[in-house]
Amino acid sequence: MSSALVSATGLAAIRGERVLFKDISITVDAGQAWLLRGANGAGKTTLLRILAGLTQAETGSIERNTSVHWCAHRLGLKPNETPRLHLANWTRAWGSSAELVDVLGRMGLRRPADVPARYLSAGQRQRTALARLLLEHRPLWLMDEPFSALDVKGRAMLLDLVARHRAQGGAVIAAIHGEADFAATGEVDL
């Protein structure tokens, strides 16, 4: 058994008649951050879904040695759901003992905590989805476009979350466009 949080060898994905990627291998250890780069439709989200165990690869193997937080590009907020209610639902589902007031404050969501998601800005919805990372410790974060819609303060907040997570032995694999603003251990170009 490997000491890596996740190790994948020879992964391939096909959509219809199109090969998205083939022969992708990645090994992620504690404290690392990997970036997935590529054009829209190149397979970044598909690769993240495969690493999370949500989608089956056409070929290859994966060994996961830890629990995973999946932060999808689709945020999972219902239009009438407030940030407080969204996080409370996840807290109950996971049996978490996280203090919602602290989580909301840390994510800059105290003021809009009781505003339905349909009235929140895109950045506030993104912060709400990212707040789930603070509800339960899971060493591996798989993040699809985590900087999307975040303003300067939101980007700084996310960078701080990633730095703290890595310093505590966690790891991140993030699909991104543009700059990540954190030092990456490695990159996969799709």
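Residue positions are given per chain, counted from 1 along the sequence in the order it is written. Local features in a predicted model are, by the rule used here, given only for residues with pLDDT of at least 70; side-chain atom pairs are given and counted only at 80 or more, and totals for whole chains, interfaces and linings are based on all residues. Hydrogens and water molecules were not included; the side-chain quantities draw on all heavy atoms of the structure.

Student: So what exactly am I meant to see when it comes to the nonpolar core here?
Tutor: Across soluble globular proteins, you tend to see nonpolar side chains buried next to one another. One finds Met107, Met143 and Leu158 to be the most contacted residues of the largest nonpolar core, which totals 28 residues. Top element by residues in this core is helix H5 (residues 152–167). It accounts for four residues. Once you skip the residues sitting within four places of it in the chain, Met107 turns out to touch Arg127, Leu130, Ala131, Leu134, Met157 and Leu161. In this description, a nonpolar core means a group of buried Ala, Val, Leu, Ile, Met, Phe, Trp, Tyr and Cys residues linked to one another through side-chain atoms lying within 4.5 Å. Residue burial is assigned from relative accessible area. The probe radius is 1.4 Å, only protein chains are included, and a residue is buried under 20% of its type maximum, exposed over 50%, and partly exposed in between. Helix and strand definitions here come from DSSP, where helices need a minimum of 4 consecutive H or I residues and strands a minimum of 2 consecutive E residues; each element is numbered from the N-terminal end. Contacts are assigned to residue pairs with any non-hydrogen atoms lying within 4.5 Å of each other.

Student: Help me understand helix H2 (residues 83–94), please; the structure alone is not making it clear to me.
Tutor: The span one expects for a helix is its residue count, reduced by one, times 1.5 Å. The terminal C-alpha atoms of H2 lie 17 Å apart, and with 12 residues this matches the ideal 16 Å at 1.5 Å per residue to within 8%. Of all the residues in H2, the buried ones are Pro83, His86, Leu87, Ala88 and Thr91. For H2, the secondary structure elements touched by its buried residues are helix H3 (100–106) and helix H4 (122–131). Looking one or two places after H2, you find Gly95, whose phi comes out positive at around 65 degrees.

Student: Just to check I follow, could you spell out the packing of aromatic side chains for this structure?
Tutor: Pairing of aromatic rings covers Phe, Tyr and Trp, the last through its six-membered ring, and needs centres within 6.5 Å; plane angles under 30 degrees mean stacked, over 60 mean edge-to-face, and all others mean tilted. Here the structure, examined in full by the defined rule, presents two aromatic pairs. Each ring, one from Trp90 and one from Trp94, has its centre 4.9 Å from the other, and the planes form 45 degrees; the classification is tilted. Taken together, the positions of Trp90 and Trp94, both in helix H2 and four residues apart, correspond to about one turn of that helix. According to the relative accessible area criterion, Trp90 is partly exposed, its value standing at 31%. Of note, Arg138 hangs over the ring of Trp94, and the distance from its end group to the ring centre comes to 4.5 Å. Only when the NZ atom of a Lys or the CZ atom of an Arg is both within 6 Å of the ring centre and within 35 degrees of the ring normal do we say a charge sits over the ring.

Student: I'm lost on empty space enclosed by the protein in this one. Help?
Tutor: Remark: the empty space left among the atoms is shown by a probe the size of a water molecule rolled over them. Method remark: on a 1 Å grid restricted to protein atoms, a set of points is classed as a cavity if a 1.4 Å probe fits but cannot get out and as a pocket if it is open with protein on both sides within 12 Å along at least five of seven lines; lining residues have an atom within 4 Å of a point. Grid points are joined across faces, edges and corners, and a volume is the space filled by probe spheres set on the points. Per the stated rule, a full pass over the model turns up one cavity of 30 Å³ or more. When its volume is computed, the largest cavity comes out at roughly 30 Å³. Every residue lining the largest cavity is listed: Cys71, Ala72, Leu75, Gln126, Ala129, Leu130, Asp144 and Pro146. Looking at which element gives the most residues to the lining of the largest cavity, the answer is H4, with three residues.

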